Amino acid sequence: AQSVTQPDIHITVSEGASLELRCNYSYGATPYLFWYVQSPGQGLQLLLKYFSGDTLVQGIKGFEAEFKRSQSSFNLRKPSVHWSDAAEYFCAVGVSYNTDKLIFGTGTRLQVFP
Amino acid sequence: DVKVTQSSRYLVKRTGEKVFLECVQDMDHENMFWYRQDPGLGLRLIYFSYDVKMKEKGDIPEGYSVSREKKERFSLILESASTNQTSMYLCAGSGDPDNSPLHFGNGTRLTVT
């Protein structure tokens, strides 16, 4: 069965620093991969998705993610973090024939210091 | 833009009460989902529906049921609320399952006392 692991529960960075949030998945075939962000008191907003093609995916708010099949990873990156990026981030995987039935990771909470 | 609306942001109910959580989407698509979100556990799928009158169990359906009488509305029902159902509940909808991600509502935080 497919699964998603986000090994970092909580990350703290300084504003302006670079960011990488880790995500590893387990799935036998080519996965459909997603990153969502949840601001306090809000629902989840899609940051970016990978279905096929270029393994480096650009998303909203200056985020990008890279699909690495050999490492079963889909890490989220941002070169310079802003205070407004403080939120919880969820990685998710969908099966190849049904991209909206997702399995979510447990989330990484990002804290940004000024 | 796609919009998914959950009717209540906060609910407080007593143990044993029957609870309805309502979700409405303005897309003309069939797919709707209910998740619960708990710290350290992420989002877990309770039920989903790909069409009116259709429902399928997700990963944690016990203690819940759903109703889909109209395409735009998907209700989650707690037949007899218990304290372990205190959680954040998120409704989501999507379009074409081959090419469309989930769009989420803002969530309903349910407290069962």
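Here, the structure is the one placed above.
I will try to describe carefully the structure that is included in this document. (Residues numbered from 1 in each chain as written. Chains lettered and ligands numbered in written order. Predicted model: local features only at pLDDT ≥ 70, side-chain atom pairs only at ≥ 80, totals over all residues. Heavy atoms only, no water.)

## Considerations on the state of the cysteines
All names here are of chain A.
Part 1 of the reasoning: This model, assessed by the stated rule, comprises 2 disulfides over all chains.
Part 2 of the reasoning: At a sulfur-sulfur separation of 2.0 Å, the disulfide partner of Cys23 is Cys91. Around the S-S axis, the bridge from Cys23 to Cys91 shows a dihedral of about -65 degrees and counts as left-handed. Of this pair, Cys23 sits in the loop between strand E3 (19-21) and strand E4 (24-26) while Cys91 sits in strand E10 (residues 87-95); the two residues are 68 residues apart in sequence, bridging distant segments of the chain. Residues Cys23 and Cys91 agree in their burial class; the two are buried. (Disulfide = S-S within 2.5 Å. Helix = DSSP H or I, 4+ residues; strand = E, 2+ residues; numbered from the N terminus. Buried < 20%, exposed > 50% of the residue type's maximum accessible area, 1.4 Å probe, protein only.)

## Re the pattern of salt bridges
Part 1 of the reasoning: Evaluation of the coordinates by the stated rule reveals 10 salt bridges over all chains.
Part 2 of the reasoning: The salt bridge partner of Glu22(B) is Arg73(B), with a shortest N-O separation of 3.9 Å. Taken together, the positions of Glu22(B) in the loop between strand E3 (19-21) and strand E4 (23-25) and Arg73(B) in strand E9 (residues 73-78) put the pair 51 residues apart, joining distant regions of the chain.
Part 3 of the reasoning: A cluster of three or more residues bridged by salt bridges with shared partners is formed by Glu64(A), Glu66(A) and Arg77(A). (Salt bridge = Lys/Arg side-chain N within 4 Å of Asp/Glu carboxyl O.)

## Concerning the pairing of E9(B)
Residues and elements named next belong to chain B.
Part 1 of the reasoning: Among the 6 residues that make up E9, 5 are buried, leaving the element largely enclosed by the rest of the structure.
Part 2 of the reasoning: The pairing of E3 with E9 spans 3 bridges and is antiparallel. Across the sheet, Leu21 pairs through a bridge with Leu76, a residue of E9.
Part 3 of the reasoning: As defined by bridge partners, strand E8 (residues 64-70) adjoins E9 across 5 bridges and the pair is classed as antiparallel. In the sheet register, Tyr64 faces E9, and the bridge partner there is Leu78. (Pairing = 2+ DSSP bridges.)

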